[in-house]
Each structure stands twice: as C-alpha cells, then as structure tokens.
Amino acid sequence: MSEIYLDYNATTPVAKPVREAVDVALKEKWGNPSSGHRFGQKAKKALECARAQVASLLNADPTEILFTSGGTESNNLTITGVCQAMSGKGRHIITTRIEHPSLMNPCLHLLEQGWDVSFIKVNSQGVVDLMEVERALRPDTVLVSVMLANNETGAIQPVAAISQLVRKHGVLVHTDAAQAVGKIPVDVKNFGVDYLSIAGHKLYAPKGIGALYCRIGAPLGQLMFGAGQEQGLRPGTEPVPLAVGLGVACDFVAKDIKAEAERQTGLREKLYAELSKLGYPIIRHCDPENTIPNTLSIGFIGKNGAKILAQAPEIMASTGSACHDREIKVSHVLAAMGVSPKVALGTLRLTLGRGTTESDIEIAAQAIGRALTKG
Ligand SMILES: Cc1ncc(COP(=O)(O)O)c(C=O)c1O
C-alpha cells in the first residue's frame, strides 16, 4: 500500500542536507559553546553560524534570535516574558480566538493571574478584522499577539496592518509564525513585529529546536534562571546540533521559497479540483488567495472526517473535529469561524509539503473518493 503523507502542518520530515549537517555537528561540534578551548569554540562558531542563518531567513540581526525548544516555548516565553516586563505599564493583552494552544493557554493562565485578555473574533474566512483589534485597544494594552498563518485552515492574518495600527499606540506586537516560516517569505521588518515564534520541525528541521525573534530593545522578562546563555533569556547549554539543523533548514527553504510555494499551490488546487469532482457537497473553509500554499481545509457536509481517514489508511492527514460520546467536538478554530458542527465533523485538513508529488495528489483524491462511498 502506498503511503501518502498530507500532514505537513503537523510536522515535516527532516530534510537531507539538514540531517547531514546535524550528523556532522553531533560528531564534530559536540563541545560546550561556553568553553574557551578549541572544542568549545568550534561548537560556538557552529551555533553562531546557525543563528545567522535563521536571522537571514527573517531579515533580522543575529543578536535578535534566541534558540528555544520549539514553537510552544517561543510562544510561552513571549507571552509570559513580555507581560512580566510590562506589568508596570498595563495588564491587558489582545489575541485571537484561533491561536494554537501554545499561545492560547499561556493567555488563559494570565487571566487567572488577574490580567485582562481580549480574544478577538475572526470572520467566516478565518481572518481577524483590523477594526476588531482597534476596538479592543485600551490605554493599558501592552501586547497584541496574532498568529501569521493558522495551523488548521492556513488562513493568513493581516499582521503587517495590525502592527502598523497598534505600534502607533506604543503597544508591542508578537506573531506566532510557526506555520508560515518556510512556506511564505517572512520579513520581520516588513511585518513590523517585535517578537516572532518559529518551530523547527515545521520547516524540515528536527523536533526540539525553535527560535524566538526578539527585536533589539524589545522588553522580555526572564522565565528561567541559569548560566546566562541566549542573553540570559533562555539559559542552559545550547543544543548545538539541533541549532545547526535549524540553521541549515532555514537556508534549505529560503533557496526556492517562491517557486516551491507556487508548485504546492498548483498541487493543492489540483487536489481541490479532484475532490470537488467526487460528487459530494463540500465547503472550502478559507479563501485560497489568502492561505499558505500547502493547506487545504474542506468540509464534506454530513460526513465524518475521522471515518473518511479510517477508510483511507494510506492517507496520513488530520480532521477538523472529533466525535466523543456522540458529542461533536468542533475545533476551536472552525467554531470561531462559525462553521456548523455538521460541516466541521466532515472536515479534513490536507497539508502538502516539499515531498508531495502530482501522483500523491491523484492517489489521495481516489482514496478519499473510495472512502466516501463506504459511508
Ligand atoms: C501555529 C503553531 N504554533 C505553535 C506550535 C507549537 O510548536 P511546537 O510543536 O514546536 O512546540 C504549532 C504546532 O503545531 C503550531 O502549529
């Protein structure tokens, strides 16, 4: 049985040049970067080279890149660290109803600690309305955090416009770019953000490494206390081979990012066209002109996404909701968009990547077609 992986938003395989570079680093750059001797300095050089590669992908300065363990840590560090640093100015933050749990949950934790959090709405296309952000702004607002691309629908948020609006009021801006970096060009200066989160395993690097862009001069409180690595903000001996992997992954995706985006958009549209021809009523959740190139989220009305995937085991993909004890648990993202439980239950998230071929798309569409006839 062929295996078709259409779950690149969950994670990506490690790219060959990344694997090779990690392997060399594991063998040859295992010194502690804080050691003054030659082995330590060799590791330090590799770490700083990786930092420069990450910075280059984002158009940032290398001193603005902090290595973390991934997207979750970058999001937690920003939300908690910024709020800690800014609590003297105000205790209100703004975010959205469609954020990843690694952003949503630290915000809920702040609520419990007496902060005010505004979770702003999105429209039926899964996009935040600028007016809603403006309405939520208050004199005590210290941070606005809006993801760049949603992990379930792929919808791209108007982060540059939001930054332009709120920075005039002296409010800091964070974006969780875990699903955007490596898929579309991301330039921190164009977006005008103060903080930006990256997850290595979404862009062909290994799991366990990520980064936080923190603009020079942007305040960030310390969550962990240790020996002062990563400007004291993320102490602990640096995982040099993983950082090397992230650096090489950044170069790997940068070299043909636009051509690859076009290729994946073409394949995604082919997949959508094939699925539309199957003869079942479907709803496409977001505007394809405003989604990251690899993501197709569609609802088969009246069907059950989990059952479709169970009947098509050769396809590895995700659903948009789950059925627990006969109760439909709609994903918070689809719920925020106002998608009905009947459509949400039949939703599939099909996400393509660099390994996806035209033949994968044909096989996947046929397999989904067969699965649909079974119930
Ligand atoms: C948008 C978004 N943010 C953050 C994360 C968390 O990243 P990590 O798995 O590296 O902790 C994910 C992972 O699914 C994500 O999709």
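Predicted model only: the values in this text are computed from it and were never measured. Starting afresh in each chain, residues are numbered from 1 along the sequence in its written order. Given that the model is predicted, a residue must reach a pLDDT of at least 70 before its local features are reported, and side-chain atom pairs must reach 80 or more before they are shown or counted; all residues, however, enter totals for whole chains, interfaces and linings.

## Considering the domain arrangement of the chain
So, step 1. Each assigned domain of the chain is listed with its residue range as follows: domain 1 (16–254) and domain 2 (256–373).
So, step 2. Each of domain 1 and domain 2 has a C-alpha centre, and these two points are 28 Å apart.
So, step 3. The interface of domain 1 with domain 2 comprises 22 residues on the first partner and 20 residues on the second.
So, step 4. Amino acids outside the nonpolar list (Ala, Val, Leu, Ile, Met, Phe, Trp, Tyr, Cys, Pro) and the charged list (Asp, Glu, Lys, Arg) are all regarded as polar, and Gly is one of them. Each residue belonging to the side of domain 1 that touches domain 2 can be placed in one class, and the counts come to 11 nonpolar, seven polar and four charged. Residue ranges for the domains trace back to a domain assignment, done automatically or taken from a database. Two residues form a contact once the distance between their C-beta atoms, set from the backbone, is within 7 Å.

## What to know about the site of the ligand
So, step 1. Nearness here has a simple definition: the residue's C-beta atom, placed using the backbone, must lie within 6 Å of the molecule or strand. The ligand sits among 14 residues. The nearest are Gly70, Gly71, Thr72, Asn151 and Ala199.
So, step 2. Only DSSP runs of H or I covering at least 4 residues are called helices, and only runs of E covering at least 2 are called strands; the numbering of each starts at the N terminus. The element that contributes the greatest number of residues to the shell around the ligand is helix α3 (residues 71–86), accounting for three residues.
So, step 3. Residues belonging to the shell around the ligand are distributed by class as follows: three nonpolar, 10 polar and one charged.

## Some thoughts on helix α8 (residues 240–254)
So, step 1. By this rule, a helix spans an expected 1.5 Å times one less than how many residues it contains. Along its 15 residues, α8 runs 21 Å from first to last C-alpha, staying within 8% of the 21 Å computed at 1.5 Å per residue.
So, step 2. Residues with at least 20 other C-beta atoms within 10 Å of their own are called buried, those with 12 or fewer are called exposed, and the rest are partly exposed. The C-beta atoms themselves are positioned from the backbone. The buried fraction of α8 amounts to 13 of the 15 residues, a majority that puts the element mostly inside the structure.

## A look at the sheet that holds strand β12 (residues 318–319)
So, step 1. What makes two strands pair is DSSP finding at least two bridges between them. With antiparallel pairing, the four strands of this open sheet are ordered in space as β9-β10-β15-β12. Two strands bound the open sheet, and with one partner strand each, they are β9 (282–284) and β12.
So, step 2. Bridge count for β12 against strand β15 (residues 347–351) is two bridges, and the pairing is antiparallel. Bridge assignment links Ser318 to a residue of β15, and that residue is Arg349.
So, step 3. Throughout, an axis means a line fitted to C-alpha atoms (over the contacting stretch in the case of helices), and angles, computed between N-to-C directions, take values from 0 to 180 degrees. Each of β9, β10 (295–300) and β15 touches helix α9 (residues 257–276); the most contacted strand, β10, lies at about 15° to it.

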